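Residue-level structure breakdown
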Amino acid sequence: MTAPAPALRIGTAAGRGTLLAAILASGMVFLDSTVVNVALPRLGAELDASVAGLQWTVNGYLLMLAAFVLLGGALGDRFGRRRVFLLGVVWFAVASMLCGLAQGTGWLIAARFLQGAGGALLTPGSLSVLQASFDPDDRARAIGTWSGLSGVSTALGPLLGGWLIDAFSWRWIFFVNLPLAVGVVLAALRWVPESRDEAASRTGAGRRFDVAGALLGALALGGVTYALIDAPARGAGSPAVVAAAVLGVLGAVVFVLVERRRGDTAMLPTGLFGSRLFSVLNIFTVIVYAALGGFTFFLAVYLQNVVGWSALLTGLATVPMTLLLLVGSARAGALAARIGPRLPLTVGPVVAAAGLLLLRRVGPGASYWVDVLPGVLLFGAGLTLVVAPLTASVLAAVADRFAGVASGFNNAAARAGGLLAVAALPLLVGLSGSGYEQKTALAGAFRGAMFWCAGLLLAGAVLAGLLIHRPRQPERG
């Protein structure tokens, strides 16, 4: 049961203001998820960062989001969705300012960890305030508007970021969050109604948050990530690398044991994995989003340091992929609803893999229209066939009462896939130290990375073809 709140309508000032707050907040998170890759060559050169420093700049953010986003949603349900949403916005803005002021790689990485923690509070809140605040007749339209305009911000993010990097400095991709955060706070205080899960407040069910589960999840991801990133510099057999790997594996084992013991009160009820389809779909998610994370990490650095493009042109390179997702996702979802998810989730990764293999031939002096665009379009078309059917299938694979946690876990699985790819790929292709600044070393690493990412996508296609089927209707309630 949710606390009574004014039922907002789209056409009112309060409805428009609430939408504005949610869209601007999501825009900040999506902007920093997409544009940081474009900034990596510039910030790496200015801060004298190694490949490991660039990896942690991306992964510190992803690690905190993946580990704590479910906890962030639970905090909002218990203490007030608007309150936790605003806390996340302010936290994210302060961390963004610290990122922009960074005077060294360690400072920047620490600030990115903080930024990811703020995003874990903010991300679930931006959608939950819409779900809880709008009149049922306007709710779908409000969420659709939020989704569409948030998608536009994702598409425009690399362009805006590329322009800021070229015209001013990489620091401005973080500073731009400050006026956005001020707008969100003012709009939320003026128009967003407070809501919370009153049933949890009365019964005390919400008092015991699964903090242990979140911390163990972070330990598991962080330990494995540290081992993968540090192995090239220290050696795979070094005590620090081995200790990190062992801690990561132990964290994962204890996480499973703790979640199983807590049952339905766990951050991740292990009963969900009684559905084989749910398990397979999340493995598929990790695989596909690992390919996406590895692709975007390497492409942005390669286009600037080897091909010689500006940050703005590099940002432009992936815009067609995002536009295809915006235009085609609804159609792909409708297709999967008619014929089932197996075919789209099998064909989509194959098409995307073909795009990555095409991009392996891109070299110095490459033409955007002839050499880069075809591969990006193929990758985007394949991803479009995957995203909406995958999300719908994950939700349909579990009972309705677990829809929220299933969606949150799938989101975390996607981020974990990107996190692990950015950690592992440089090790697999032999890129370390200052190798990203050396054209020959980076060119070989890029071609190898695209091959590995294409292989991941093809493995995902095989998994989908063999094990994914149309979800049966689970029990309701």
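Structural notes on empty space enclosed by the protein
All told, the structure shown has 1 cavity of 30 Å³ or more when counted by the stated rule. When its volume is computed, the largest cavity comes out at roughly 50 Å³. Around the largest cavity sit Val-51, Leu-54, Phe-297, Phe-298, Val-301, Leu-431, Tyr-436 and Leu-442, which together line it. Here the lining of the largest cavity gets 3 residues from one element, more than from any other, and that element is helix H12 (residues 276-305). A breakdown of the residues in the lining of the largest cavity according to their chemical character gives 8 nonpolar, no polar and no charged.

Things to note about the layout of surface pockets
The method is simple in principle: a probe with the dimensions of a water molecule rolls over the atoms, and the space it marks as empty is what remains. Of the pockets and cavities examined, the second largest pocket occupies roughly 770 Å³. In this structure, the second largest pocket is lined by 29 residues; those nearest its centre are Ala-220, Leu-221, Ala-252, Phe-255 and Phe-409. Going through the elements one at a time, helix H3 (51-79), helix H10 (211-234), helix H11 (239-262), H12 and helix H17 (403-429) are the ones with two or more residues in the lining of the second largest pocket. Take the lining of the second largest pocket: its biggest share by element is 7 residues, from H10. Residues belonging to the lining of the second largest pocket are distributed by class as follows: 21 nonpolar, 6 polar and 2 charged.

Here we look at the confidence of the model for the protein
Caution applies to low-pLDDT parts of the model: their predicted coordinates are not meant to be read in detail. Taken as a whole, the protein shows an average pLDDT of 88; of its residues, 94% reach a score of 70 or greater. In the predicted structure, residues 203-207 sits below a pLDDT of 50 and forms 5 contacts with residues beyond four places in sequence or in another chain.

Here's the deal with unusual backbone geometry
Non-glycine residue Asp-48 carries a positive phi angle of around 55°. Tracing the chain through its elements places Asp-48 in the loop between helix H2 (36-47) and H3.

Concerning the packing of aromatic side chains
Taken as a whole and assessed by the stated rule, the structure comprises 14 aromatic pairs. Measuring from centroid to centroid gives 6.0 Å for Phe-168 and Trp-172, while their planes differ by 50°, and the two rings are tilted. Accessibility expressed as a relative area gives 52% for Phe-168, which makes it exposed. Aromatic pair Tyr-302 and Phe-446: ring centres 3.9 Å apart, planes at 5°, arrangement stacked. Of this pair, Tyr-302 sits in helix H12 while Phe-446 sits in helix H18 (residues 439-467), and the two are 144 residues apart along the sequence. A relative accessible area of 1% means that Tyr-302 is categorised as buried. Here a set of aromatic residues connected by ring pairs shows up, and it is made of Trp-163, Phe-168, Trp-172 and Phe-175. If you follow Arg-78 out to its NZ or CZ, it ends over the ring of Phe-79, 5.2 Å from the centre.

Looking at the environment of His-469
Residue placement: His-469 occurs in the segment after H18. When the C-alpha positions of His-469 and Gly-44 are compared, they lie 45 Å apart, and in sequence the two are 425 residues distant. Residue contacts for His-469: discarding those within four places in its chain leaves Leu-277, Pro-341 and Arg-342.

Details of the environment of Val-376
Turning to its location among the elements, Val-376 is positioned in helix H16 (residues 368-396). In this structure Val-376 comes out as buried when scored by relative accessible area, which is 0%. With 57 residues separating them in the primary sequence, Val-376 and Val-319 have C-alpha atoms 8.9 Å apart.

Some details on the pattern of salt bridges
The tally for this structure, following the rule as stated, stands at 7 salt bridges. Across the salt bridge formed by Arg-42 and Asp-166, the nearest N and O atoms sit 2.8 Å from each other. On the criterion of sequence distance, the pair formed by Arg-42 in helix H2 and Asp-166 in helix H6 (residues 136-167) is long-range, its members being 124 residues apart. For Arg-42, a relative accessible area of 33% corresponds to the partly exposed category. Among the charged side chains, a salt-bridge network with shared partners connects Arg-9, Asp-135 and Asp-138.

Calculation rules
Residues numbered from 1 in each chain as written. Predicted model: local features only at pLDDT ≥ 70, side-chain atom pairs only at ≥ 80, totals over all residues. Heavy atoms only, no water. 1 Å grid on protein atoms, 1.4 Å probe; cavity = no way out; pocket = protein on both sides within 12 Å on 5 of 7 lines; lining within 4 Å. Points joined across faces, edges and corners; volume = space filled by probe spheres on them. Helix = DSSP H or I, 4+ residues; strand = E, 2+ residues; numbered from the N terminus. Nonpolar A, V, L, I, M, F, W, Y, C, P; charged D, E, K, R; others polar. pLDDT = per-residue confidence, 0-100. Contact = heavy atoms within 4.5 Å. Phe/Tyr/Trp six-rings, centres within 6.5 Å; stacked < 30°, edge-to-face > 60°. Buried < 20%, exposed > 50% of the residue type's maximum accessible area, 1.4 Å probe, protein only. Lys NZ or Arg CZ within 6 Å of the ring centre and 35° of its normal. Salt bridge = Lys/Arg side-chain N within 4 Å of Asp/Glu carboxyl O.

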